[in-house]
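# Architecture at a glance
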Amino acid sequence: MAEQERMVEAVLFASTEPITVRELESRMPHGCDAAEALVRLRKRYEGRGVRVVKIDDAWAMRTAPDLGYLMQKETVETRKLSRAAIETLAIIAYHQPATRAEIEEIRGVSVSRGTIDQLLEMEWIRFGRRKMTPGRPVTFVVTPSFLDHFGLENARDLPGLKELRSAGLLENRPPPGAFSVAEEEDEEEATTGQSELFED
């Protein structure tokens with residue numbers, strides 16, 4: 001019987017799925033009593049780190065429930081944002097509170113629900129106040145988690161056009177047909193109007 005216990009132990013240990021008594025006996029030499037070997041093996045494993053447990057009509061070796069915490073592993077999952085999500089996030093950050101319609105108008109394409117959902121799930125944006133316009137659309141604003149991730153104290157600390165250009169993130173040349181004078185005026189307007197945009 002001791003040898004039969006060893007056989008059952010070996011099969012259970014190596015198996016990824018629970019095994020029935022019939023399956024055990026089909027693997028063991030003719031005349032072996034897998035059921036009796038299981039009873040003895042189960043008793044031998046009582047109080048150990050691993051237990052022999054019955055799952056429906058099959059048997060398996062499982063970690064003792066009180067030691068389950070040792071098997072847990074926490075990992076940091078890095079998720080890359082899509083171009084659409086980055087653009088949407090940037091628009092919300094610079095134009096908050098922004099409605100979906102405003103985001104779509106600036107991007108020039110419709111914003112998919114998945115993009116907004118991803119940013120909400122990451123807790124980088126949240127719902128803001130409803131806009132006092134027809135339909136009372138919901139607005140989006142950035143969260144403290146977003147500011148913390150990018151090392152910002154508040155939304156006013158977001159880099160302006162000059163900083164983005166000096167970092168090489170924007171082209172220094174104006175697009176064809178644009179005047180540098182008009183561009184400078186836009187920059188001044190953007191900086192003076194920023195406090196109003198980010199009050200809430």
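Below or above, wherever it landed, is the structure these notes cover.

Conventions adopted
Residues numbered from 1 in each chain as written. Predicted model: local features only at pLDDT ≥ 70, side-chain atom pairs only at ≥ 80, totals over all residues. Heavy atoms only, no water. Helix = DSSP H or I, 4+ residues; strand = E, 2+ residues; numbered from the N terminus. Contact = heavy atoms within 4.5 Å. Pairing = 2+ DSSP bridges. Axes fitted to C-alpha atoms, helices over the stretch in contact; angles between N-to-C directions. Salt bridge = Lys/Arg side-chain N within 4 Å of Asp/Glu carboxyl O. Buried < 20%, exposed > 50% of the residue type's maximum accessible area, 1.4 Å probe, protein only.

Moving on, we get to the side chain of T88. As for its position among the elements, T88 is in helix 4 (residues 83–95). With residues near it in sequence (within four places) discarded, T88 still touches I103, R107, V111, T115, I116 and L119.

To continue, consider the sheet that holds strand 5 (residues 125–127). Here we have 3 strands laid out as an open sheet, ordered 4-6-5, and antiparallel in their pairing. Strand pairing shows two members of the sheet lacking a second neighbour, strand 4 (98–99) and strand 5, which therefore form its edges. With 3 bridges connecting them, strand 5 and strand 6 (residues 139–142) associate as antiparallel partners. In the sheet register, R126 faces strand 6, and the bridge partner there is V141. Packing against the sheet, helix 6 (residues 113–121) makes contact with strand 5 and strand 6, and its axis sits at approximately 105 degrees to strand 5.

Moving on, we get to the pattern of salt bridges. For the structure shown, the criterion picks out 8 salt bridges. For E5, the salt bridge goes to R44, with nearest N and O atoms at 2.9 Å. A residue pair is termed long-range when its members are at least 10 positions apart, and E5 in helix 1 (residues 2–14) and R44 in helix 3 (residues 34–44) qualify at 39 residues. Overall, E5 belongs to the buried group, its relative accessible area being 10%. Looking at R44, the relative accessible area reads 42%, which means it is partly exposed. In this structure, D117 and R113 form a salt bridge, with 3.9 Å as the shortest nitrogen-oxygen distance. Within this pair, D117 and its partner R113 are both found in helix 6, separated by 4 residues, close to a single helical turn. Here the salt bridges share partners, and the residues they tie into one network are E5, E9 and R44.

Keep in mind these numbers describe shape, not what the thing actually does.
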